[in-house]
Amino acid sequence: MEAGAIVGELQYQERDYAGAKTNFNESLDSSMKVADPNAPFMALDLYRTSEFAVREKDYDRARRQLQILIHRYPDSEWAARGRALLAAITKELPPDDEDSADLPADSREGPDAALGRIQSALQGRRFAPALLECGLFLRRHAAHASAGEVRLLRGALLLRRGELDAAVPELEAVARGGPAGLRSRAAYLLASAQFARGDRRGLRDAVADAPDRTDRWSLLAQAWRAADEDAEGRRESALARWRLALSAPGRSALEPFLLAALAAGEDALGFGEDASHDMRRAVEAADRAKIERLSSATRLSLGHVLARARRWKESAAAYADFAERFPDHLARADALYLQGLMLRRAGRPAEAAAAFEALLRKHASSVRASDAHLQLGLLRADAGKMADAASHFEKMARAAGADAEREKESVLLIAQTRYNTKDWKGAVELYRRFLAEHPGDARTAQVEELLLTSWWMQGARAEPAFLEVLDRRPARPVAARIRWELGREALTKDDCAAALSHLGRLVSDFPEDRNVPEALFKQAECLEKTGRPADAAALWKTLPERFPQAPQAREAAFRLGNAMLKSGDYGGSEAAYRRAEAGGDALAADALYNRALALVRAGRKEEGLEAFEKFLARFPSRERAERVWLETGTMREELGRTAAAAEAYAKVRSPELRAKALFGAARCREKLKQRALARRAYEELYAVNPATDALRLNGLLRLGLLYELDEEPLKAMSVYSELVRLVSDPALKKTALERLQDLIDRKAYNEKKAPAPAKKKGAPKGGKKAKPRA
């Protein structure tokens, strides 16, 4: 926008009205796309486009443009001119005397008199008569030495009037066949005409690619090629041509405009250092030329260039310089606002606040007043002064420049101050007010999220509206946290129905939330507790599949194994337990043990035994290890590995398992024909409690029989006597009694057959020993 206005004014000053009109219109169009167009340039655009509308007799358009100018920028210099022009339109009078040409003089006059009249008309700025006189001169004195100069003047005047198609032939004639001293100047004017016409080929023909660096006009003409290339987006080439134009010998009135255009191009290409350097030069050149409009515009642009280069302090200084030098400028409020903004970004909040406060003191009716209150509110909030912040946010909605959007913003910002000070009740009221007054606002989702958080922190979790908003905004991040907390609270109250509802919504609405694995686990526990084992098992299965690395994955697999084991799905339970047995903790040990049991129940005894042995290798010190040794002994014995079974039984030392282990070990020793080891194992049963343990009593019976085989009847009788006393099993008791009676009978028989004992010293004579019957 700014570049278009600058180029337009440059063309206007050079009488390139067609080009100026195009650029002013484009600049004005650009301003409609800018949230905050620069006021001085906007005013310039409005006035110049109104002028062109008057020239085209489009008074309605001119009147509308001028009314906008006067209404929006009443204090600008362009508004003062606009009032005069509007008055002229109202009276249906032309703005100047260009359309009232004097009558030409007598055709018999000589060329000098005609040239004099041309000169006189020019000095009086009566351009229409001058143009007419130029045409008459060329018809009457085509061979005169001044004809080339007059033709050049005629082309320039036509160009000034915007009659481009008429101007081009006149200027071409001079540029290609006129006097040598006029050709470059004619080429310059021809280039401006072709640029205004949009004739790029004609423009390229008019401006040499390699200009004569000693020729001022040849170099200045590069500005038109630069403007054309810049419009095409060929900015680097345009920059080179701007620099060529600036290298023209002598100081040109175009210098500040060219420097400003060069700096704008550099800024657009991101050459911040070059842009700021050349814009400073433009400021200095405008000051030297005493072009106040350009002086103010370039100073403001310098601030913008420095801001885009993120040189906050220098940018703030440029805006401050503008505000100080042009206290009555319409853009002064903008400059003060931008100064404060740059100082805030530079980390100088006190100075920034001073700039905003100066804006409010001196330009309270400016459209920037609302912005200043906004910035002051933010600064106060940053400083922790929430009451002051809220006050400025309230004023922001009532200040000049405020609109419906600013009013909405005010409510949200005040609510944020309540939120930041943990005034949850106040925040809730404001957020609810905003939602009620602006139901279709684009920020509704974010506001409802803040409302949910405020409600949650306030503790109003039973509020019906709270749950309604929570259901309406299932995808907001805060909803995930709230669902999780509500689910956990329900679990602590043993309210499985509520827990399942909230945790289920968490899982469905936020499948990637970090609490989903635990939520699935808790859901499964609730389902199991409420008698829905199949649904629980489905979740135990889902959790490790979806979240194999979650802390709950192994526990879930273990629970799935338990459920499947209970339902008789031994193969499935074995696979589930396998997923849980990694690691060295109690869960791994339990999973491995249960997997072995599942294999055994599935009839896969070899694999079951292998799992038991793996358990003993990995967890030899676990409390369950002795039971596993017992199971291992049993499995080995069943599979015919008798010696290995005996070794496994021998590892068992637990009192409650001792009887079974000793009995199994002794039985294995008997099978291996290791009678002494068998006897030793059976004898250890004496120490087992309780004395009436069935395996202990069966083992003692086997011990008695072994005593008989080893011809130790007294020991056998002792064993049988204890059995008769303790045994309640009829069959076992009968066997013990029979063996005891048999031994008693044999003892009596042997004593009856035995000879009388000898009276002399020595071993007593006895009868032959009877062999025991086992």
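J.: Please give an account of the overall build of the protein that cites residues and values.
T.: A tally of helices and strands in the protein yields 41 helices and zero strands. Its C-alpha atoms give the protein a radius of gyration of 54 Å, more than 25% over the compact-globule value 28 Å for 774 residues. By principal-axis analysis of the C-alpha atoms, the protein measures approximately 195 × 60 × 45 Å. Pairs at least 24 apart in sequence give 51% of the contacts found in the protein among residues at least 6 apart. Split by element, the accessible area of the protein, about 38,000 Å² in all, is 50% carbon and sulfur. If you average the places of the 129 positive and of the 115 negative side-chain charges in the protein, the two averages end up 10 Å apart.

J.: Any details on the packing of helix α27 (residues 477–492) against helix α28 (residues 496–509)? Residues and values, ideally.
T.: Interaxial distance between α27 and α28 falls to 8 Å at its minimum, and their mutual angle equals 155 degrees. The orientation of α27 with respect to α28, classified from their angle, is roughly antiparallel. In this structure, α27 meets α28 at a crossing whose hand is left-handed. The segment α27 lies against α28, with A480, R483, W484, L486, G487, A490 and L491 engaging A498, A499, H502, L503, R505 and L506. Along the lines of polarity and charge, the residues of the contact of α27 with α28 split into nine nonpolar, two polar and two charged.

J.: Can you explain helix α15 (residues 255–268)? Please cite residues and give values.
T.: Between its terminal C-alpha atoms α15 stretches 20 Å, which fits the 20 Å expected from 14 residues at 1.5 Å a residue. The buried fraction of α15 is high, at twelve of 14 residues. When we look at burial in α15, the residues that qualify are E255, P256, F257, L258, L259, A260, A261, L262, A263, G265, E266 and D267. In the core, the buried residues of α15 are packed alongside α1 (2–13), α12 (216–220), α13 (222–232), α14 (235–246), α16 (272–289) and α17 (292–308).

J.: Tell me about the packing of aromatic side chains, residues and numbers included.
T.: According to the stated counting rule, one finds 16 aromatic pairs in the structure shown. Site record: aromatic cluster; members linked through ring pairs are Y188, F195, W217 and W224. Note that R48 overlies the ring of Y12, its terminal NZ or CZ placed 3.7 Å from the centroid. Taking NZ or CZ as reference, K651 lies 5.6 Å from the ring centre of W629, over its face.

J.: Give a detailed account of helix α5 (residues 77–90), specifying residues and quantitative values.
T.: It helps to recall that an α-helix has 3.6 residues per turn; residues three or four apart then point in one direction. When the terminal C-alpha atoms of α5 are compared, their 20 Å separation across 14 residues agrees well with the 20 Å that a helix rising 1.5 Å per residue should span. Residues W78, A79, G82, L85, L86, A88 and I89 constitute the buried set of α5. The inward-facing, buried residues of α5 abut α3 (39–55), α4 (59–72) and α17.

J.: An account of the nonpolar core is needed here, citing residue identities and associated values.
T.: L69, W242 and L258 are the most contacted members of the largest nonpolar core, which has 123 residues in total. Residues V428, Y431, A465 and L470 belong to the second largest nonpolar core, which totals 62 residues.

J.: Let's hear about the pattern of salt bridges: which residues, and what values?
T.: The final tally for this structure, using the stated rule, is 75 salt bridges. A salt bridge links K21 to E56; the shortest N-O distance between them is 2.2 Å. Pair noted here: K21 is in helix α2 (residues 17–31) and E56 is in the loop between α3 and α4, with a separation of 35 residues, a long-range link. Exposure remark for K21: the relative accessible area of 30% places this residue in the partly exposed category. Accessibility expressed as a relative area gives 44% for E56, which makes it partly exposed. Of the charged contacts, one joins D371 and R406 as a salt bridge, the two residues approaching to 2.9 Å between their closest N and O atoms.

J.: Run through the packing of α17 against helix α18 (residues 312–325), naming residues and quoting values.
T.: Between α17 and α18, the shortest axis-to-axis distance is 7 Å and the interhelical angle comes to 165 degrees. Relative to α18, the element α17 lies roughly antiparallel. When the axes of α17 and α18 are compared, the crossing they make is left-handed. Of α18, the residues touching α17 (which contributes S296, R299, L300, L302, G303, H304, L306 and A307) are W312, E314, S315, A318, Y319, D321, F322 and R325. Residue classes in the contact of α17 with α18 are distributed as eight nonpolar, four polar and four charged.

J.: Go over the confidence of the model for the protein with me, naming the residues and quoting the values.
T.: Across the protein, the average pLDDT comes to 86, with 93% of residues at or above 70. Confidence drops under a pLDDT of 50 for residues 92–107, and excluding neighbours within four residues, the segment shows 29 contacts in the predicted structure. Note that pLDDT drops below 50 for residues 765–774; the model gives that stretch 20 contacts with residues more than four away or on any other chain.

J.: Just give me the short version of unusual backbone geometry, but keep the residues and values in it.
T.: The linkage connecting N689 with the following residue, P690, adopts the cis geometry, with an omega of 0 degrees. Along the chain, P690 falls in the loop between α38 (675–683) and α39 (694–709). Of note, R125 is a non-glycine position whose phi angle comes to about 55 degrees, a positive value. Inspection of the secondary structure puts R125 in the loop between α6 (111–123) and α7 (127–140). R125 sits in the partly exposed class, given a relative accessible area of 47%. The phi dihedral of K673 falls on the positive side, at around 65 degrees, and the residue is not glycine. For K673, the location among the structural elements is in the loop between α37 (655–671) and α38.

About the thresholds
- Residues numbered from 1 in each chain as written.
- Predicted model: local features only at pLDDT ≥ 70, side-chain atom pairs only at ≥ 80, totals over all residues.
- Heavy atoms only, no water.
- Helix = DSSP H or I, 4+ residues; strand = E, 2+ residues; numbered from the N terminus.
- Rg over C-alpha atoms; globule rule 2.2 N^0.38 Å.
- Contact = heavy atoms within 4.5 Å.
- Areas by Shrake-Rupley, 256 points an atom, 1.4 Å probe, with all protein chains shown as cover.
- Lys, Arg positive; Asp, Glu negative; His and termini not counted.
- Charge placed at Lys NZ, Arg CZ, Asp CG, Glu CD.
- Axes fitted to C-alpha atoms, helices over the stretch in contact; angles between N-to-C directions.
- Parallel < 35°, antiparallel > 145°, perpendicular 65-115°, else oblique.
- Left-handed = near helix turned anticlockwise from the far one by under 90°.
- Nonpolar A, V, L, I, M, F, W, Y, C, P; charged D, E, K, R; others polar.
- Expected span 1.5 Å × (residues − 1).
- Buried < 20%, exposed > 50% of the residue type's maximum accessible area, 1.4 Å probe, protein only.
- Phe/Tyr/Trp six-rings, centres within 6.5 Å; stacked < 30°, edge-to-face > 60°.
- Lys NZ or Arg CZ within 6 Å of the ring centre and 35° of its normal.
- Core = buried A, V, L, I, M, F, W, Y, C linked by side-chain atoms within 4.5 Å.
- Salt bridge = Lys/Arg side-chain N within 4 Å of Asp/Glu carboxyl O.
- pLDDT = per-residue confidence, 0-100.

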